[in-house]
Amino acid sequence: MPEAAAPPPLPLLAAASSPAAAALPRARRRQQQQQRRGWRRPRRLLVWGALVAFFFIMNWWMFSRLQDPSARPHFRLRRHPPRAPATANSSLFTLEEVAGAAKGKRAHRVMLTRLLALAGHALAEAETRPEPKDLWEEPINATMWRPCSDQRDWKASEGTNGYIMISANGGINQQRVAICNAVTISRLLNATLVLPKFLYSNVWLDKSQFGDIYQEDYFIKYLKSDIQIVKDLPAELQSLDLEAIGSLVNDTDVMKEAKPSLYMKKILPILLRNRVVHFIGFGNRLSFDPIPSDLQRLRCRCNFHALRFVHKIQETGAVLVERLHGHRASSSPLKDNLLGQFAIKSDPSANKSDASKYLAVHLRFEIDMVAYSLCYFGGGKDEEDELEAYRQIHFPVLSELKKTTKLPSAAFLRSEGKCPLAPEEAVLMLAAIGFKRSTNIYIAGAEIYGGKDRMAAISRLYPALVTKETLLSPSELEPFRNFSSQLAALDFIACAAADAFAMTDPGSQFSSLVQGYRMYYGGGDLPTIRPNKRRLASILVKNATIEWNEFESRVRKLIQQTKQVHERPVARSIFRHPRSPECMCRTEH
């Protein structure tokens, strides 16, 4: 027989026999339902959290794929291996982080990576959509201006008052401005110009002289209807101690952008007394206004017509442009001026649909620019120490000034647009205004501060990226090695001939000269992208919250306003803004 069940304890027997016993199962069911609902709520949170995590992981994965060198296509002319992945410090910081770093705090990972990720998504989606119509165009009224500074209505100066010598400082761009100012001063003072010399700079480290960069005989012949030019000072004057007789004139003796009246009052008496004046430095020592219109035109004639690169530079520059344009045969007044006999002539039978467009970008982010700016770029104390050490060697006056004067903070400088655009900022600007990921981009400039890590953002978003070093073979580059000014001349040609040109530092002398050249010879077909860095900084500071559509809209509006066509403002550089009656003629359509 089966064993009988043990009787329940007395309390339970009592409870089972009570009237409340019937309610016990219902209470248990309610308790179980509450427990199930309690478990359901955390499960919902877990699912929601997983979805959010999945979104961020996918966002990171897509951007990392965009960054993965092995996953991106290569521009057909690229010779060198792909760039290395970026480090955590390869982007810019917010203004708050810059301010914190200025107080000695180490900044966190850059928040612009969020905008870079959004840019990556936007570029991927935009590849199948048409680009903005005006991306590769200037406003229609740009065609109303044509070059005319080659026209003369005077006789040549006899140059009988003496000789003007200059030893120009700086790089090729500063030297070019100094040359044309010296031509103008020689005409003003009725003096003969001795072919300019270039000072050796411990920044540029280039021993090139005038004849290594420009065609001497062409320069002399072209300007013979304006001034007298000789290659050397006459023998009877070469033995003079110019410093002892007071004929050496430094930049401290002549104020920056001095008026012509100062030269007549201060320099002409020295010239008449000693027969020679030697300007040392001569950086931007002649004003743009007020100045007689015929002298202003001479200035333009010198810059846009008289200065032609030597054949070695022209020939290699032609190779660069040919490869950038996909071996497209084309000619234009600009290319004829820049490349001379090496310019490729147009072939009427050529298929224009095979034409390859390219964007040139001047990244003014070399260590000298970064150090001189006094800005902060996210590298912590190591960056600050490195840049200060560079300043002590190359900019000792600035380094001493930091010790004795309270200078603006790095955060303030950035908010005022005083900092050069880092590659991260430049690439966001390009993506926002509509350049597709497949755009062929030529990068001009010397070695970028931060190297490959700093360049990672732009090379990842725009893989069809080249430089003169990747387009030219080692043997083609060899004649230019250790000559930074001659290498800069190659960059000048590639940027001036580009279908579109983007500058990242509107104050750069290089970018200014390229812009002016494109404006003068472009016939309204060569747009230049020139950001307002102060306004761009006010947009980038919102990188933690701004959505891509708003960012894109604000940047496009900013750039659109800078592309407006107008006559040269008073006192602005004629080299940058040649749309002026002295330099270009206006035609009515």
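Student: Honestly, the overall build of the chain in this entry has me stumped. Any pointers?
Tutor: Scanning the chain from terminus to terminus reveals 24 helices and 13 strands. Expressed as a percentage of its 589 residues, the buried residues of the chain come to 50%. Of the contacts formed within the chain by residues at least 6 apart in sequence, a portion of 80% connects residues at least 24 apart. Carbon and sulfur atoms form 56% of the exposed surface of the chain, whose accessible area is close to 28700 Å².

Student: For this particular structure, what's the right way to read the state of the cysteines?
Tutor: Each disulfide consists of a covalent bond between the sulfur atoms of two cysteine residues. In the structure shown here, the tally under the stated rule is four disulfides. The disulfide partner of C148 is C585, and the S-S distance across this bridge is 2.1 Å. Note on the C148 and C585 pair: the S-S dihedral is about 100°, so by sign convention the disulfide is right-handed. Of this pair, C148 sits in the loop between β1 (145–147) and β2 (163–168) while C585 is found in strand β13 (residues 584–586), placing the two residues 437 residues apart along the sequence. Across this residue pair, the class does not change: C148 and C585 are buried. Disulfide pairing places C375 opposite C419 at an S-S distance of 2.0 Å. Handedness here is read from the sign of the S-S torsion; for C375 and C419, about -95°, the answer is left-handed.

Student: When you look at the pattern of salt bridges in this model, what are you seeing that I'm missing?
Tutor: Tallied over the entire structure, the rule returns 24 salt bridges. A salt bridge links R391 to E388; the nearest nitrogen and oxygen atoms lie 3.1 Å apart. Taken as a pair, R391 and E388 lie in helix α14 (residues 380–394) at a separation of three residues, close to a single helical turn. Overall, R391 belongs to the buried group, its relative accessible area being 5%. Two residues, E388 and K402, come together in a salt bridge whose shortest N-O distance is 3.1 Å. Highlighted residues: E388 in helix α14 and K402 in helix α15 (residues 396–404), separated in sequence by 14 residues. Overall, the relative accessible area of 36% leaves K402 in the partly exposed class. Linked by salt bridges that have partners in common, R152, D226 and R301 make up one network.

Student: What should I look at first to understand the pairing of strand β7 (residues 276–281) in this one?
Tutor: Where a strand is regular, its side chains alternate between the two sheet faces. The buried count for β7 comes to five of six residues, which makes it a mostly enclosed element. With six bridges joining them, β2 and β7 adopt parallel strand pairing. Residue pairing across strands places Y163 opposite V276, the latter belonging to β7. In this sheet, β7 lies alongside strand β6 (residues 248–249) in parallel orientation, the contact comprising two bridges. Counterpart to L248 in the pairing with β7 is H278.

Student: Just to check I follow, could you spell out helix α17 (residues 423–433) for this structure?
Tutor: A turn of α-helix holds 3.6 residues, and therefore any two residues three or four places apart point the same way. Judged by how many residues are buried, α17 sits mostly within the fold: 11 of 11 residues are covered. All buried positions along α17 are accounted for by P423, E424, E425, A426, V427, L428, M429, L430, A431, A432 and I433. Positive backbone phi, approximately 115°, marks G434, located one or two places after α17.

Student: What's the story with the nonpolar core in this structure? I'm lost.
Tutor: Most often, soluble globular proteins have nonpolar side chains that are buried together. Counting residues in each nonpolar core, the largest one holds 95 residues, and the members touching the most others are F219, Y263, F279, F309 and Y442. With nine residues, the top contributor of residues to this core is helix α21 (residues 484–496). Beyond its immediate stretch of four places on either side in the chain, Y263 contacts I185, L188, L189, V254, A258, L268, F279, F282, R285 and L286. Within the second largest apolar cluster, 55 residues are counted, among which are L116, F365, A431 and I458.

Student: I tried to follow the confidence of the model for the chain on my own but got confused; where do I start?
Tutor: In regions of low pLDDT, the predicted coordinates are not meant to be interpreted in detail. Taken as a whole, the chain shows an average pLDDT of 84; of its residues, 79% reach a score of 70 or greater. A low-confidence stretch, residues 1–24 stays under pLDDT 50, and its non-local contacts, those more than four residues away or across chains, total three contacts. Per-residue pLDDT stays below 50 along residues 54–111; that stretch engages in 116 contacts with residues further than four places along the chain or on separate chains.

Calculation rules
- Residues numbered from 1 in each chain as written.
- Predicted model: local features only at pLDDT ≥ 70, side-chain atom pairs only at ≥ 80, totals over all residues.
- Heavy atoms only, no water.
- Helix = DSSP H or I, 4+ residues; strand = E, 2+ residues; numbered from the N terminus.
- Buried < 20%, exposed > 50% of the residue type's maximum accessible area, 1.4 Å probe, protein only.
- Contact = heavy atoms within 4.5 Å.
- Areas by Shrake-Rupley, 256 points an atom, 1.4 Å probe, with all protein chains shown as cover.
- Disulfide = S-S within 2.5 Å.
- Salt bridge = Lys/Arg side-chain N within 4 Å of Asp/Glu carboxyl O.
- Pairing = 2+ DSSP bridges.
- Core = buried A, V, L, I, M, F, W, Y, C linked by side-chain atoms within 4.5 Å.
- pLDDT = per-residue confidence, 0-100.

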